[in-house]
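Observations on the three-dimensional arrangement
Chain residues, written in single-letter form:
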Amino acid sequence: MIELQNVKKVYPNKTAALNGVTLRIDDGEFVFVVGHSGAGKTTLMRLLLREEKPTSGKLIINDFDLTKMPNYKVAHYRRQLGVVFQDFRLFPNKTVYENVAFAMHVVGTPASKIRKRVPAILNTVGLGDKLNRYPNELSGGEQQRVALARALANNPKIIIADEPTGNIDPEMSIEIMNLLLKINRLGKTVIVVTHEKSLVDYYQQRVVTIEHGKVTEDKVGGMFE
Amino acid sequence: MSRYNPFYFIGQAFKSLWRNSVMTIASILILASCLVVLGSFALLVADLNLNLGELGLMNEIAIYLDPELDDAQVEEIGKTLESMSNVDTITFISKEEGLEEMRQDYAEYSDLFVIAEGEANPLPDMFYITYADVTKATTLEYQLSEIEGISKVILRLDLAMQIESFKSGMTLVFTWFLALLFVVSIFVIINTIKIAVHSRRNEINVMRYIGATRTFIVTPFILEGALIGLFSGTIAYLVEWYLYTYIEQIVVSEIRMIEVYLFSEVWQYVLAGFLLIGTLTGAIGSSISLRRNLNA
Ligand SMILES: Nc1ncnc2c1ncn2[C@@H]1O[C@H](COP(=O)(O)OP(=O)(O)OP(=O)(O)O)[C@@H](O)[C@H]1O
Ligand SMILES: [Mg+2]
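The following paragraphs examine the structure supplied in this document.

What counts and what doesn't
Residues numbered from 1 in each chain as written. Chains lettered and ligands numbered in written order. Predicted model: local features only at pLDDT ≥ 70, side-chain atom pairs only at ≥ 80, totals over all residues. Heavy atoms only, no water. Helix = DSSP H or I, 4+ residues; strand = E, 2+ residues; numbered from the N terminus. Rg over C-alpha atoms; globule rule 2.2 N^0.38 Å. Buried < 20%, exposed > 50% of the residue type's maximum accessible area, 1.4 Å probe, protein only. Contact = heavy atoms within 4.5 Å. Areas by Shrake-Rupley, 256 points an atom, 1.4 Å probe, with all protein chains shown as cover. Lys, Arg positive; Asp, Glu negative; His and termini not counted. Charge placed at Lys NZ, Arg CZ, Asp CG, Glu CD. Near = heavy atom within 4 Å. Polar contact = N/O pair within 3.5 Å; in protein donor to acceptor, adjacent residues only side chain to side chain. Nonpolar A, V, L, I, M, F, W, Y, C, P; charged D, E, K, R; others polar. Buried area = accessible area lost by both parts, 1.4 Å probe. Salt bridge = Lys/Arg side-chain N within 4 Å of Asp/Glu carboxyl O. Axes fitted to C-alpha atoms, helices over the stretch in contact; angles between N-to-C directions. Parallel < 35°, antiparallel > 145°, perpendicular 65-115°, else oblique. Left-handed = near helix turned anticlockwise from the far one by under 90°. 1 Å grid on protein atoms, 1.4 Å probe; cavity = no way out; pocket = protein on both sides within 12 Å on 5 of 7 lines; lining within 4 Å. Points joined across faces, edges and corners; volume = space filled by probe spheres on them. Expected span 1.5 Å × (residues − 1).

Looking only at helices and strands, one finds seven helices and ten strands in chain A. Computed over its C-alpha atoms, the radius of gyration of chain A comes to 17 Å, within 12% of the 17 Å expected for a compact globule of 225 residues. The principal-axis extent of the C-alpha atoms belonging to chain A is close to 45 × 40 × 30 Å. Taking all 225 residues of chain A together, 56% fall into the buried category. Considering only intrachain contacts with a sequence separation of at least 6, the fraction spanning at least 24 residues in chain A is 67%. Summing over all exposed atoms, chain A offers an accessible surface of approximately 10,000 Å²; the carbon and sulfur share of this is 50%. In chain A, the 31 positive side-chain charges and the 24 negative ones have mean positions that sit 9 Å from each other.

Rendered as structure tokens:
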């Protein structure tokens, strides 16, 4: 469960990116986060990732109180989350297989388990036949699917995707969204930041709208403008 | 940690060394040069000590007493001398003994000394003392000259002092030199690791998101620094070996007066010292660099 109470974030340059966000996301939910550019969506994701600390307010994820977490616990906390970025951020000199395997290696997974699990995950995202390709030999949609596989590798409870379809053409975007929904059905909490109104309207899920650092709307359904 | 494969870290360290080969080679050369200079200095100092060790025994002061003094006063001065710190041994030579000594030294002219016997003896009574600490010898000399009844104090400082000050001068130069070289080496390694971190910053960022611990991220870089140090130590050892044996041969065959340690007697210390100092310098430099350039 993700719980935010009156969370504020002021960057060192005095930009108030979040002005008191209160939000609750239960386990297994699928949530779109929408809002204009500069509204504070990415800031919200960075707080969830503990890349930034809230200036004030309460932020609790699963059993972790992010406002009180010391730095040395951050690495272990992050294993609760799988992250997908707009620009994929794959390791360019690792193959598809190695990219996913490395995520498991990082958290100390035994090699035998890695060998079993990586092909299975890559099958789930439909890349079972491209294990030995390098990222630059893949389309944007395929790269994002590798990123998704990597995010799933350590079996996190929560998937966070900040504009996962921002660099991908529309048909591929649908594929990525379908995958995210499929992952959600498998029991994971999925949070997707997006600008794409058509996608949001199409999927009819919970939509949290953020404007000027505040939640202005929180409904199931389309994107209201 | 134990669940990680150590070969992963070593592999990563070697990859990084290879990727930054120019910086790697530069830092190995600089660190190795520093080690060679350091090692040569240390061996030189060791050889000097071997040769100069015994020369410190000449710590003697001659004290001339006022000829007017009576026996009681002389005895009094003897007691004062005994009570002084830094005075090691005291020998009294009366003017008669002094004359006798002189007569023996100049035996062919012994007849001439007849005219100087008894009341005519021109020599004063004397004390010869030795002191323990050469660095405080001049202080002692001054204190002695202040004592009533002592007419003249002669400190045979010259050689002993020169050797001593030469040694301490060498030690001082050596210490500063060592500090300087250490700073230079650390600086070079800090920069090498900085470049290595910089070239992998995107990768490191992603590793953080995946949940990599600081240890996991940092270990390859520490190893990289340590490896640079290890290579430098090895190269420095080989160079030192060549240099020192070369000089050793010249000294042993041509300047037989001087004694030197043979490389075959000291090679273990040289090797262990180089590897240890090199590796430590590398690892420390790397840690400093990571603290500065990897805001975890
Ligand atoms: N590191 C930072 N330092 C200072 N100000 C920042 C920083 N990151 C974001 N901001 C500011 O905070 C506000 C919110 O930014 P944020 O990136 O959260 O917006 P966003 O909703 O993700 O926008 P977009 O849809 O364009 O990605 C903006 O005014 C932005 O300029
Ligand atoms: Mg954003």
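Bringing the site of ligand 1 into the picture now. All names here are of chain A. For ligand 1, the set of nearby residues contains 15 residues, the closest of which are Ser37, Gly38, Lys41, Thr42 and Thr43. Within the contact set of ligand 1, an oxygen atom lies 2.5 Å away from a side-chain nitrogen or oxygen of Ser37. One nitrogen or oxygen atom from the side chain of His195 is found 3.2 Å from an oxygen atom belonging to ligand 1. Computed on the free molecule, ligand 1 has an accessible area of 630 Å², of which 67% lies beneath the protein chains in the complex. Element by element, the count of residues in the shell around ligand 1 is highest for helix H1 (residues 41-48), at four residues. Of the residues belonging to the shell around ligand 1, the class tally is three nonpolar, nine polar and three charged.

In this assembly, 19 residues from chain A lie in contact with 15 residues from chain B. If you sort the residues of chain A by the area they bury against chain B, Arg78(A), His105(A) and Val106(A) come out on top, with a joint share of 30%. Linking chain A to chain B there are zero salt bridges. Where chain A meets chain B, there are three residue pairs in polar contact (both at pLDDT 80 or more). Broken down by secondary-structure element, the contributors of at least two residues to the side of chain A that touches chain B are helix H2 (74-78) and helix H3 (96-106) of chain A. Looking at the side of chain A that touches chain B, the element that brings in the most residues is H3(A), giving four residues.

Looking now at the packing of H3(A) against helix H5 (residues 140-152) of chain A. Packed helices, taken two at a time, are described by their axes: the angle between them and the distance between them. Residues and elements named next belong to chain A. One can describe the packing of H3 onto H5 by two numbers: an axis separation of 8 Å at closest approach and a directional angle of 25°. Judged by the inter-axis angle, H3 sits roughly parallel to H5. Crossing handedness for the pair H3 and H5: right-handed. Listed contacts from H5 to Val96, Asn99, Val100 and Ala103 of H3 are Val146, Ala149 and Arg150. Classifying every residue of the contact of H3 with H5 by side-chain character gives five nonpolar, one polar and one charged.

In this structure, the second largest pocket spans a volume of roughly 520 Å³. Secondary-structure elements contributing two or more residues to the lining of the second largest pocket are H3 and helix H4 (111-124) of chain A together with helix H1 (6-19) of chain B. Each residue belonging to the lining of the second largest pocket can be placed in one class, and the counts come to seven nonpolar, five polar and eight charged.

All names here are of chain A. Between its first and last C-alpha, helix H6 (residues 170-185) extends 23 Å over 16 residues, near the 22 Å set by a 1.5 Å rise per residue. Three or more residues of H6 are buried, namely Ser173, Ile176, Met177, Leu179, Leu180, Leu181, Ile183 and Asn184. Just past H6, the residue Gly187 takes up positive phi, approximately 110°.

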